[in-house]
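Per-entry structural report
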Amino acid sequence: MSSPVALLPEVEKFLASSPLKSVVGGKDVAGSAGETMESIDPGSGRVLAEFAVLTSEDIDRAVGAATHAFTKSAWAKMPTNERGALLHRLADAVEKHKPIIGQIEALDAGKILAQAQGDVQNFVDTLRYFTDMAQHVQHRTTLAVSGHDAWTVRHAWGPCGFIFPWNFPFLLLGWGISPALAAGNTVVIKPAEDTPLSALYLARLAREIGIPDGVINVVTGTGSGAGAALSKHPGLRRMSFTGSPEVGRLVGQACGHNLVPAKLELGGKGAAVVFEDVDIPGTAQKLVNAITFHTGQVCCDATRWLVHKSIYRDFVDECKARMRAVHVGHQLDQASGMGPVVNAKQRDRVLSYLKKGQEQGAEAVLAGGPADVPGQKGFYVKPALLAGSLDNVAAREEIFGPVAFLTSFGDEDEAVAMANDTEYGLANSVWTQDLARAARVAESLVAGNSWINAHNLFPRGVPYGGVKKSGMGGGVLSIETLLDYYRTQSVVRPL
Ligand code: NAD
């Protein structure tokens with residue numbers, strides 16, 4: 001192990017304030033049942049801190065606090081530029097605390113430190129982006145209709161619920177709440193039980209810099225407890241869920257029952273379609289980077305690599321050599337190229353798919369398996385490559401680890417058919433120097449997002465979302481997302 005990064009005193013102090021309370025209506029709140037859970041560093045297996053487990057009564061209070069803040073604090077009615085000044089103050093504060101939040105995020109999520117810091121910057125940039133965009137949203141539009149004076153007006157909805165997964169806790173928090181806050185809504189955030197720390201830190205920071213109490217509430221606890229109570233709450237005006245399709249269905253049902261509009265951002269099983277004219281080493285390296293980025297725990301990853309048969313063997317050999325070279329280690333060790341997976345359950349999930357995949361006939365090009373990191377008791381796996389027929393369970397189901405499944409195709413139509421033969425529809429990529437072919441194939445892939453000669457691209461301004469089992473209700477990161485957080489009302493008077 002090379003030199004691990006030392007923890008900042010502010011990080012030590014934050015962790016030492018365990019058990020960490022939730023923040024509701026600007027106040028620190030312990031769960032009313034008095035229960036706590038532990039948050040663990042997946043790289044070392046060490047307990048980082050305890051946090052409060054909130055009950056459904058506590059969630060009810062949190063939605064009440066968000067409702068009160070919406071109706072009684074100045075937040076919703078504040079001129080957009082004044083709200084914008086406060087949100088810019090929050091973005092500046094997060095940026096100033098980036099080294100602290102970056103370490104907290106790296107420790108809690110098992111994320112390579114530089115990537116965690118990148119996620120914090122991404123939060124800052126997203127918050128600034130939506131805050132600035134909101135300044136230009138037209139709130140009143142006159143309608144040219146005969147015999148009537150008519151117009152529409154945009155209002156914020158009210159309290160919005162957010163449930164987040166553990167893979168990009170802080171980045172997704174930024175993608176989720178920034179447009180909601182910029183439009184004047186209040187939020188109740190339920191982070192994943194594996195990674196609650198960065199959201200709890202944010203709630204404290206928001207309070208410190210003067211965001212009105214109750215505008216940003218963070219409630220911690222289990223999915224079946226706090227998460228289910230939040231998604232069922234009839235007091236919410238909008239809901240946003242990011243996570244697995246299984247839980248997404250439950251959240252969608254609960255919101256459907258209450259007729260609360262829900263945005264569901266779910267899993268994926270993306271394809272990379274690699275044609276015969278690519279630079280083989282360069283493309284192999286980019287796909288290896290993508291599948292090992294955050295240890296493959298990325299919803300939009302390319303996990304099925306479809307390669308033209310004329311270059312298949314060369315391509316597989318390149319990928320194998322490059323995957324083998326990835327250095328697995330603790331997320332704070334500067335020599336590590338890939339950190340742990342988030343917990344023991346996730347490690348077992350990855351290993352079980354490797355086993356089941358091979359039992360169903362997949363070739364283990366690179367067998368993967370548990371990785372041993374000296375001096376650490378965390379949850380490590382090696383990158384793996386399987387190959388064979390796409391009927392295989394490892395080619396059909398989301399594994400959420402550093403495992404890619406390779407197969408070959410003969411022509412463009414076959415490649416498109418293979419890529420589309422999945423229940424998911426999140427993101428795919430096309431790799432070729434022929435840009436006409438690239439555009440044609442990219443548009444033929446049934447998913448929310450297609451990328452050309454790259455994978456995992458998220459420029460702000462390009463809507464990102466899923467179709468089929470990968471999501472519904474609108475995506476994130478674009479003007480449409482901001483507009484989703486206003487309700488439109490019409491006003492008419494006969495002339
Ligand atoms: P998960 O669905 O298990 O959990 C997500 C969140 O839901 C957590 O906060 C959890 O506590 C909560 N939850 C669990 N049970 C609940 C219930 N009954 N009611 C309400 N909330 C409940 O997902 P995960 O394992 O944390 O994350 C991995 C999944 O997230 C993968 O499928 C991945 O593809 C997906 N994901 C999608 C995107 C996207 O943008 N499409 C982004 C990141 C992750």
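The rules behind each value
- Residues numbered from 1 in each chain as written.
- Predicted model: local features only at pLDDT ≥ 70, side-chain atom pairs only at ≥ 80, totals over all residues.
- Heavy atoms only, no water.
- Helix = DSSP H or I, 4+ residues; strand = E, 2+ residues; numbered from the N terminus.
- Buried < 20%, exposed > 50% of the residue type's maximum accessible area, 1.4 Å probe, protein only.
- Contact = heavy atoms within 4.5 Å.
- Polar contact = N/O pair within 3.5 Å; in protein donor to acceptor, adjacent residues only side chain to side chain.
- Near = heavy atom within 4 Å.
- Nonpolar A, V, L, I, M, F, W, Y, C, P; charged D, E, K, R; others polar.
- 1 Å grid on protein atoms, 1.4 Å probe; cavity = no way out; pocket = protein on both sides within 12 Å on 5 of 7 lines; lining within 4 Å.
- Points joined across faces, edges and corners; volume = space filled by probe spheres on them.
- Axes fitted to C-alpha atoms, helices over the stretch in contact; angles between N-to-C directions.
- Parallel < 35°, antiparallel > 145°, perpendicular 65-115°, else oblique.
- Left-handed = near helix turned anticlockwise from the far one by under 90°.
- Core = buried A, V, L, I, M, F, W, Y, C linked by side-chain atoms within 4.5 Å.
- Pairing = 2+ DSSP bridges.
- Salt bridge = Lys/Arg side-chain N within 4 Å of Asp/Glu carboxyl O.

Some thoughts on the environment of Asn-185
The residue Asn-185 is located in the loop between α6 (169–182) and β8 (186–190) in this model. Judged by relative accessible area, Asn-185 falls into the buried class, the value being 0%. Beyond its immediate stretch of four places on either side in the chain, Asn-185 contacts Phe-70, Trp-75, Ala-156, Trp-157, Gly-158, Cys-160, Ala-180, Val-215 and Tyr-485. Side-chain polar atoms of Asn-185 contact the backbone nitrogen of Gly-158, separated by 3.1 Å.

Considering the site of the ligand
Taken together, 28 residues sit near the ligand, with Phe-164, Glu-193, Ser-244, Leu-266 and Glu-398 positioned nearest. Separating an oxygen atom of the ligand from a side-chain N or O atom of Trp-166 is a distance of 2.9 Å. Among the elements of the structure, α8 (223–231), β10 (238–242) and α9 (245–258) are those that each provide at least two residues to the shell around the ligand. The residue inventory of the shell around the ligand, partitioned by class, reads 17 nonpolar, 7 polar and 4 charged.

Concerning the layout of surface pockets
Picture a little ball the size of a water molecule; that probe, rolled over the atoms, points out where space is still empty. By volume, the second largest pocket is sized at about 360 Å³. Sorting the residues of the lining of the second largest pocket by element identifies α2 (56–72), α3 (80–96), β6 (148–156) and β22 (486–494) as the ones contributing at least two each. Top contributing element to the lining of the second largest pocket by residue count: β6, with 4 residues. Classifying every residue of the lining of the second largest pocket by side-chain character gives 8 nonpolar, 5 polar and 5 charged.

Observations regarding the side chain of Gln-331
You can see Gln-331 is positioned in the loop between α11 (312–324) and α12 (344–359). You can call Gln-331 buried: its relative accessible area is 1%. A polar side-chain atom of Gln-331 sits 2.8 Å from a polar atom in the side chain of Asp-41. A polar contact is formed between the side chain of Gln-331 and the backbone oxygen of Ala-106, at a distance of 3.2 Å. In this structure, Gln-331 is in contact with Asp-41, Pro-42, Gly-43, Ala-106, Leu-107, Gly-110, Lys-111, Ile-112, Leu-113, Pro-340 and Tyr-380, ignoring residues within four places of it in sequence.

Let's talk about the packing of helix α5 (residues 113–134) against α6
Packing of α5 against α6 brings their axes to within 8 Å, and their N-to-C directions diverge by 15°. Judged by the inter-axis angle, α5 sits roughly parallel to α6. The hand of the α5/α6 crossing is right-handed. Listed contacts from α6 to Asp-119, Val-120, Asn-122, Phe-123, Thr-126, Leu-127, Phe-130, Thr-131 and Ala-134 of α5 are Phe-170, Leu-171, Leu-173, Gly-174, Trp-175, Ser-178, Pro-179 and Ala-182. Among the residues forming the contact of α5 with α6, the class breakdown is 11 nonpolar, 5 polar and 1 charged.

Quick word on the nonpolar core
Ranked by size, the top nonpolar core spans 73 residues in total, and within it Leu-90, Val-94, Leu-173, Ile-211, Ile-216 and Leu-482 carry the most contacts. Apart from residues no more than four positions distant in its own chain, Leu-482 is found in contact with Phe-130, Met-133, Ala-134, Val-137, Pro-179, Ala-182 and Ala-183. In terms of nonpolar packing, the next biggest core, distinct from the first, is built from 30 residues, Tyr-312, Phe-315, Leu-385 and Leu-406 among them.

A few points about the sheet that holds strand β20 (residues 449–452)
Ordered in space as β14-β17-β18-β13-β12-β19-β20, the 7 strands form an open sheet in which the pairing is mixed. This sheet does not close on itself; its edge strands, each paired only once, are β14 (363–366) and β20. Each adjacent strand pair in this sheet contributes to an overall mean axis angle of 25°, direction not counted. Looking at chain direction, strand β19 (residues 427–431) and β20 are connected through 4 bridges and run parallel. Among the inter-strand pairings, Asn-428 is bridged to a residue of β20, identified as Ser-450.

Focus on unusual backbone geometry
A cis amide bond links Ser-18 to the next residue, Pro-19, at an omega of 0°. Positive phi, close to 45°, is recorded for His-294, a residue that is not glycine. As for its placement among the helices and strands, His-294 is situated in the loop between α10 (280–292) and β13 (302–308). Its identity as a non-glycine residue notwithstanding, Lys-468 has a phi of 55°, on the positive side.

Here we look at the environment of Ala-271
As for its position among the elements, Ala-271 is in strand β12 (residues 270–274). When its relative accessible area of 0% is taken as the criterion, Ala-271 is described as buried. When the C-alpha positions of Ala-271 and Asn-428 are compared, they lie 4.9 Å apart, and in sequence the two are 157 residues distant. Among residues more than four places away in sequence, those in contact with Ala-271 are Ala-302, Arg-304, Leu-306, Ala-419, Ala-427, Asn-428, Ser-429 and His-455.

A look at the pattern of salt bridges
All told, the structure shown has 18 salt bridges when counted by the stated rule. Arg-207 is the salt-bridge partner of Asp-28, the closest N and O atoms lying 2.9 Å from each other. Pair noted here: Asp-28 is in strand β2 (residues 27–29) and Arg-207 is in helix α7 (residues 197–208), with a separation of 179 residues, a long-range link. The exposure class assigned to Asp-28 is partly exposed, which follows from its relative accessible area of 40%. Since its relative accessible area comes to 28%, Arg-207 is described here as partly exposed.

Side note on the sheet that holds strand β5 (residues 140–143)
Taken in spatial order, the 3 strands line up as β5-β6-β22 in an open sheet, and their pairing is antiparallel. Since the sheet does not close on itself, it has two edges, and those belong to β5 and β22, each with one partner. The mean angle between the axes of side-by-side strands here comes to 20°, regardless of whether they run parallel or antiparallel. Bridging between β6 and β22 involves 9 bridges; their strand directions are antiparallel. Counted as the bridge partner of His-155 is Arg-487 from β22.

Section: the packing of helix α1 (residues 9–16) against helix α4 (residues 98–109)
In the contact formed by α1 and α4, the axes pass within 9 Å of each other and the chain directions differ by 55°. As far as their axial angle goes, α4 and α1 are oblique. You can see that α1 and α4 cross each other, and the crossing is right-handed. Here Glu-10, Val-11, Phe-14 and Leu-15 of α1 lie close against α4, whose contacting residues are Ile-100, Gln-103, Ile-104 and Leu-107. When its residues are assigned to classes, the contact of α1 with α4 shows 6 nonpolar, 1 polar and 1 charged.

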